[in-house]
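Observations on the three-dimensional arrangement
Each chain, letter by letter, is given below.
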Amino acid sequence: MALADKNIMNTYKRSPIALTKGKGTRLWDASGKEYLDFVAGIAVCNLGHSHPNVVKAIRKQLKNLMHVSNLYYTQPQAEVASLLTKYSFADKAFFCNSGAEANEAAIKLARKYAHEYLDADKFELITMKDSFHGRTMATITATGQEKFQFGFTPLLEGFTYAPFNDLVALESAITPKTCGIMLEPIQGEGGVIIPDEKYLAQVRNICNRHKILMIVDEVQTGIGRTGKLFAYEYSGIQPDIMTLAKALGNGFPVGAMLATHEIAKAFSPGNHASTFGGNLLAMAAAKATLKTMLDEGILENCQKMGDYFLTKLQALKAKHAIISGVRGKGLMLACALTIEGADIVKSCQERGLLINCTGGKTLRFVPPLIITQSDIDAAIAILDDVMEGK
Ligand SMILES: *Cc1c(COP(=O)(O)O)cnc(C)c1O
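The model shown is predicted, which means the values in this text are computed figures rather than measured ones. The written sequence of each chain sets the order in which its residues are numbered from 1. Under the rules for a predicted model, residues below a pLDDT of 70 receive no local features and side-chain atom pairs below 80 are neither given nor counted, while totals for whole chains, interfaces and linings still include all residues. Excluding hydrogens and water, the side-chain figures rest on all heavy atoms present in the structure.

Between helix H4 (residues 75–86) and helix H11 (residues 280–295), whose axes approach to 9 Å, the crossing angle comes to 35 degrees. Classified by chirality, the crossing of H11 by H4 is left-handed. Within the contact between the two elements, H4 uses Pro76, Gln77, Glu79, Val80, Leu83 and Leu84 and H11 uses Leu280, Met283, Ala286, Lys287, Leu290 and Lys291. To obtain each axis, a line is fitted to C-alpha atoms, and for helices this fit is confined to the stretch in contact; angles are then taken between N-to-C directions over 0 to 180 degrees. Helix and strand assignments follow DSSP, with helices taken as H or I runs no shorter than four residues and strands as E runs no shorter than two, numbered in order from the N terminus. Here is the rule for handedness: rotate from the far helix to the near one, and if that takes an anticlockwise turn smaller than a right angle the crossing is left-handed, while a clockwise turn gives right-handed. A contact between two residues is defined here by any heavy atoms of the two lying within 4.5 Å.

Its location among the elements puts Ala43 in helix H2 (residues 40–43). Spatially, the C-alpha atoms of Ala43 and Thr221 are 8.4 Å apart, while their sequence positions differ by 178 residues.

Another point: the pattern of salt bridges. In what follows, salt bridge is the name for a side-chain nitrogen of Lys or Arg lying within 4 Å of a carboxyl oxygen of Asp or Glu. Summed over all chains, the structure comprises twelve salt bridges. Put simply, Arg26 and Asp375 hold a salt bridge, and the shortest N to O gap is 2.9 Å. In this pair, Arg26 sits in strand S2 (residues 26–29) while Asp375 sits in helix H14 (residues 373–387), placing the two residues 349 residues apart along the sequence. The rule is simple: take the accessible area with a 1.4 Å probe, protein chains only, and divide by the maximum for that residue type; under 20% is buried, over 50% is exposed, in between is partly exposed. Using a relative accessible area of 7% as the deciding quantity, one classes Asp375 as buried. If you follow the salt bridges from partner to partner, you end up with Arg26, Glu34 and Asp375 in one network.

It is at 8 Å that the axes of helix H3 (residues 52–64) and H11 come closest, and there the two elements cross at 150 degrees. Taken together, the axes of H3 and H11 lie roughly antiparallel to each other. Where H3 crosses over H11, the handedness of that crossing is right-handed. Together, Asn53, Val54, Ala57, Ile58, Gln61 and Leu62 of H3 and Leu280, Leu281, Ala284, Ala285, Ala288, Thr289 and Thr292 of H11 make up the contact between the two elements. Any residue that is not Ala, Val, Leu, Ile, Met, Phe, Trp, Tyr, Cys, Pro, Asp, Glu, Lys or Arg is counted as polar, Gly included; the first ten are nonpolar and the last four charged. Across the contact of H3 with H11, the residue classes break down as nine nonpolar, four polar and no charged. Here the angle decides the label: under 35 degrees means roughly parallel, over 145 means roughly antiparallel, 65 to 115 means roughly perpendicular, and every other value means oblique.

What follows covers the site of the ligand. Residues in close proximity to the ligand include Ser98, Gly99, Ala100, Asn103, Phe132, His133, Gly134, Glu184, Asp217, Val219, Gln220 and Lys246, which together make up its full environment. In this structure, Asp217 approaches the ligand through a side-chain N or O atom, which is 2.8 Å from a nitrogen atom. What qualifies as a polar contact is a pair of N or O atoms within 3.5 Å, subject to a donor-acceptor requirement within protein and to the restriction that residues adjacent in sequence count only when both atoms come from side chains. Lys246 is positioned such that a nitrogen or oxygen atom in its side chain is 2.6 Å from an oxygen atom of the ligand. A per-element tally of the shell around the ligand places helix H5 (residues 99–118) first, with three residues. Residue classes in the shell around the ligand are distributed as three nonpolar, six polar and three charged. Here a residue is considered near a molecule or strand provided that any single heavy atom belonging to it is located within 4 Å of it.

Moving on, we come to the layout of surface pockets. Reported here for the second largest pocket is a volume of approximately 960 Å³. Definitions used for this entry: grid spacing 1 Å over protein atoms alone; cavity, a set of points where a 1.4 Å probe fits but cannot get out; pocket, an open set with protein on both sides within 12 Å along at least 5 of 7 lines; lining residue, one with an atom within 4 Å of a point. Around the second largest pocket sit 29 residues that line it, and Gln77, Lys92, Ala93, Phe94 and Phe95 are the ones nearest its centre. If you list the elements that add at least two residues to the lining of the second largest pocket, you get H4, strand S4 (92–96), strand S10 (255–259) and helix H10 (261–264). Split by residue class, the lining of the second largest pocket holds 16 nonpolar, eleven polar and two charged. Grid points are joined across faces, edges and corners, and a volume is the space filled by probe spheres set on the points.

The strand order across the open sheet built from seven strands is S4-S10-S9-S8-S7-S5-S6, with neighbouring strands paired in mixed fashion. A strand with exactly one partner marks an edge of an open sheet, and here the two such strands are S4 and strand S6 (159–162). Across the sheet, the axes of successive neighbouring strands diverge by a mean angle of 20 degrees, strand direction being ignored. Alignment of strand S7 (residues 178–183) against strand S8 (residues 213–217), held across four bridges, turns out to be parallel. Counterpart to Met182 in the pairing with S8 is Ile215. Here H5 sits on the sheet and contacts S4, strand S5 (124–128), S6, S7, S8, strand S9 (241–244) and S10; the angle it forms with S9, its principal contact strand, is near 165 degrees. DSSP-based pairing: two strands are paired if at least 2 bridges between them are found.

Quick look at unusual backbone geometry now. With an omega dihedral of 0 degrees, the bond running from Thr153 to Pro154 counts as a cis peptide bond. Here the phi dihedral of Ala43 falls at roughly 60 degrees; this positive angle occurs in a residue that is not glycine. With a relative accessible area of 1%, Ala43 lands in the buried category.

Tallied over the full model, the rule gives one cavity of 30 Å³ or more. Across the lining of the largest cavity, the residue classes tally to four nonpolar, nine polar and no charged.

As a further point, take the packing of aromatic side chains. Here a Phe, Tyr or Trp ring, Trp counted by its six-membered ring, pairs with any other such ring whose centre lies within 6.5 Å, and the pair is stacked when the planes are under 30 degrees apart, edge-to-face when over 60, and tilted otherwise. With the rule as written, the count across this model stands at seven aromatic pairs. Ring geometry for Phe38 versus Phe309: centroids 5.5 Å apart, planes at 85 degrees, classification edge-to-face. Residue Phe38 is found in the loop between strand S3 (34–37) and H2, and its partner Phe309 is found in helix H12 (residues 298–319); the two are separated by 271 residues along the sequence. This pair shows no difference in class: Phe38 is buried, exactly as Phe309 is. Ring geometry for Phe89 versus Tyr232: centroids 5.5 Å apart, planes at 85 degrees, classification edge-to-face. Placement of Phe89 in the loop between H4 and S4 and of Tyr232 in the loop between S8 and S9 is noted, with a sequence separation of 143 residues between them. Judged by its relative accessible area of 5%, Tyr232 is buried. The structure contains a cluster of three or more aromatic residues connected by ring pairs, namely Phe38, Phe309 and Phe365. Remark: a charge is flagged as sitting over a ring if the NZ atom of Lys or the CZ atom of Arg is within 6 Å of the ring centre and within 35 degrees of the ring normal. Against the face of Tyr234 rests Lys228, its NZ or CZ located 5.2 Å from the ring centre.

Rendered as structure tokens:
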């Protein structure tokens, strides 16, 4: 830890444990202590740590070929793209390495499409207050939270913000310069904020009426997190562009930006690129992750365990006055507190449960989607114990 603090830039507030091994829903630190992991690398390891299918796929690919660039064709990349388009609204995929990069690609595609097919003066995107879209200059601009932008001005031109889950404010934010609306189906970093059931469908409606693009950032909600492969599926609508990353490679870095054929046609060779995008190891991991998720009942387990966990959290709320609210969809859940959450996170960690706190007073639970009832019971028992007397 001293070695890390001396040599690594100070951009993360780390817990004082060094993790060395993971399997399923469990992690172990350097002293051999076991933890139940309800963070999953921040909604990344949706199949749990070291899932055998993913490990096997990466190993097999590693023996053959690791990287060749996008100057050539490779089979695994075509296969992942065809899986993603088969199971979503999209017709085309672009591969990159992270969520921020996927959103950068989406922003560029929306601007390019508007420039070529709508009106050269349309370049503005409306994003949501309390959203999170990444840490590059374009994506901190898209992120509707000043704390991520402070000290980094000037920001990019062409972004305006509307309050989440407010259709009237959203529609009145549209100007002749607007080319699209970009939003998370459920705000993750913003505190697991779930909009009204019909909200996404109504946003789609607004986009249709104004002939602008609808971009969904499913970097956190995608790949099964909410109990469907993509969270937009709950709304019965289809967006124009979708971004993915976090769980797509179950821990191997990979991102993707997907679009309909109509929108994707705005990109031609030279318009956008990524050296590592679609890397063969990343594609092997993504293919194994998607196949496992679809073939092994992971989504069903997520829905079932999500409902069970939510009921347990509601019972916890009835018992502890410091809980002001609980909410969640699938295994993306949160517990709003009347006090700062950092202390709870620390006490849970001491008792062998890893959880995350966002925005100071919201506990966020994003466990692997393979968790069992007894994992949830164990986590609830620790939370109950920790909250006793707070
Ligand atoms: C995590 C996250 C991002 C950023 O992803 P990185 O891989 O960290 O760049 C973007 N959007 C959402 C909704 C996220 O949760």
